[in-house]
Amino acid sequence: MKLKDTGLTAQDIKDKVSKYMIETYERFDFIAETAKDQYVYDEKGEPYLDFYAGIAVNSAGNCNQKVVDAVIDQVQDVMHTFNYPYTIPQALLAEKICTTIGMDKIFYQNSGTEANEAMIKMARKYGIEKYGPNKYHIVTAKMGFHGRTFGAMSATGQPGNGCQVGFGPMTYGFSYAPYNDLEAFKNACTENTIAIMIEPVQGEGGVHPATKEFMQGLRKFCDEKGMLLLIDEVQTGWCRTGAVMSFMNYGIKPDIVSMAKALGGGMPIGAICASAEVAKAFSAGSHGTTFGGHPVSCAAALAEVNELLDRDLAGNAKKMGDYFSAKLETLPHVKEVRHQGLLVGVEFDDSISGVDVKHKCLEKHLLITAIGAHTIRMIPPLIITEADCDKAFEIIKSVVA
């Protein structure tokens, strides 16, 4: 919908949002009216270089034409039907995902936090049914992030901070250990622990990649103890980190993996994939969803996945991530640059505010975000080029200067 077609002004739209919407977001002061590839355009037609990608969503580019075409085609056939009849996009996408990432079964959801809720539920039900009523404990990482519903929020290892503040007691049965500390994770496990749940890169925690020793050590430990390894790939999945899934960078495979964001190419969809044995924990009535596996979202996801794979955007993510990060390391006041593929974080010294850098970049029409006091994060579409990286770098450099 274009502003000119409404008979309203930009300020009218902002006033309506202020009057009627419950606001929990810090708004950028422009209307995102159109978007294409690596750019978002405001109501005046001004371009913004998009190094945010709708928070790691539009990986094959904003309004990728094949995804758009798939949505239009499916809307004209079946828009929604629930999960009793078979639908073609569901079946084709299930096969594509499972065969691509080497997992056995899939369950569709609508978002990342719902996918993580389903992963937690499946792990607990598997543990209780196989080992007894006390086998439900899960260990997650301090400073991790798994979502804002109660199970996912409780799994988020930031007690007393961030998304947990003000919501009363968290869901019982979670413990937290320092990220990349294998011994601490082992020590946090008890006789009641059924699973370890981990992000391969802590995105909201400041872009901290896991070490290979840590991830491989967790896999070995879980195998030794008969526990499950749950990997949250909501932000890292589908070519973002230089591999189709980030767990592939470590030469391991999870028992359950969650995904969302980039999977839908802009349409809402989430999912978990599990081994055949663990997937048996879900049977009729044990979990459900009205919109999960939505035909339009599945059609969009199938087109998006094919684009990501056919164009080797994982390879481009690795190449551009290395290129961009090397340039960012030359910025003044940089304490550390951390990245895996095109999930890139820059931590500045105490003299530079990450939030200030974000706002000044917005003024220069570059979209990035900030994490914590001194860190900025870039998660651009995976189609970006060296020229795009150069342009973003020059804007950030001028802002820091």
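Residues numbered from 1 in each chain as written. Predicted model: local features only at pLDDT ≥ 70, side-chain atom pairs only at ≥ 80, totals over all residues. Heavy atoms only, no water.

### Some thoughts on the layout of surface pockets
Roughly 680 Å³ of internal volume is contained in the second largest pocket. Lining of the second largest pocket is provided by 28 residues; of these, N83, Q90, I106, F107 and Y108 occupy positions nearest its centre. Per element, the largest residue contribution to the lining of the second largest pocket is four residues, and it comes from strand β4 (residues 105-109). Among the residues making up the lining of the second largest pocket, the classes are represented as 16 nonpolar, eleven polar and one charged. (1 Å grid on protein atoms, 1.4 Å probe; cavity = no way out; pocket = protein on both sides within 12 Å on 5 of 7 lines; lining within 4 Å. Points joined across faces, edges and corners; volume = space filled by probe spheres on them. Helix = DSSP H or I, 4+ residues; strand = E, 2+ residues; numbered from the N terminus. Nonpolar A, V, L, I, M, F, W, Y, C, P; charged D, E, K, R; others polar.)

### Things to note about helix α13 (residues 386-400)
Under the 1.5 Å per step criterion, the end-to-end length of α13 is 21 Å for 15 residues, consistent within 8% with the ideal 21 Å. Residues of α13 that are buried include every one of D388, C389, A392, F393, I395, I396, V399 and V400, and no others. Down the axis of α13, the sector holding all buried residues measures 165°, keeping them to one side. (Expected span 1.5 Å × (residues − 1). Buried < 20%, exposed > 50% of the residue type's maximum accessible area, 1.4 Å probe, protein only. Arc of directions from axis to C-beta.)

### Quick word on empty space enclosed by the protein
Applying the stated criterion across every chain yields a total of one cavity of 30 Å³ or more. Forming the boundary of the largest cavity are H80, T81, F82, N83, T87, Q90, T290, F291, G292, G293, H294 and P295. Split into classes, the residues belonging to the lining of the largest cavity amount to three nonpolar, nine polar and no charged.

### Here's the deal with the environment of K14
With respect to the helices and strands, K14 occurs in helix α1 (residues 10-20). When its relative accessible area of 27% is taken as the criterion, K14 is described as partly exposed. Note: C-alpha distance between K14 and G102 (88 residues apart in sequence) is 46 Å.

### Describing the sheet that holds strand β17 (residues 375-378)
Judged by pairing direction, the sheet is antiparallel, and its four strands sit side by side in the order β13-β14-β17-β16 without closing on themselves. Every other strand in the sheet has two partners, leaving β13 (334-340) and β16 (369-371) as the edge strands with one partner each. For this sheet, the mean angle separating the axes of adjacent strands, direction not counted, is 25°. Looking at chain direction, strand β14 (residues 343-348) and β17 are connected through four bridges and run antiparallel. The residue bridging V346 from the neighbouring strand is I376, located in β17. (Pairing = 2+ DSSP bridges. Axes fitted to C-alpha atoms, helices over the stretch in contact; angles between N-to-C directions.)

### Observations regarding the sheet that holds strand β1 (residues 34-36)
The sheet built from four strands is open, its strands ordered β1-β2-β3-β15 with mixed pairing. If you trace the sheet from one side to the other, it starts and ends with β1 and β15 (366-367), each paired once. Summarising the sheet, strand β2 (residues 39-41) and strand β3 (residues 47-50) pair through three bridges and their orientation is antiparallel. Bridged to Y39 within β3 is L49.

### Topic: the pairing of strand β5 (residues 137-141)
Taken residue by residue, a regular strand's side chains alternate between the two faces of the sheet. The buried fraction of β5 is high, at five of five residues. The alternating pattern of β5 places H137, V139 and A141 on one face and I138 and T140 on the opposite face, and all of these are buried. Bridge count between β5 and strand β7 (residues 193-198): three bridges; the pairing is parallel. Following the sheet pairing, I138 is matched in β7 by A195. Looking at chain direction, β5 and strand β6 (residues 174-177) are connected through four bridges and run parallel.

Read these as geometric descriptors, not functional statements.
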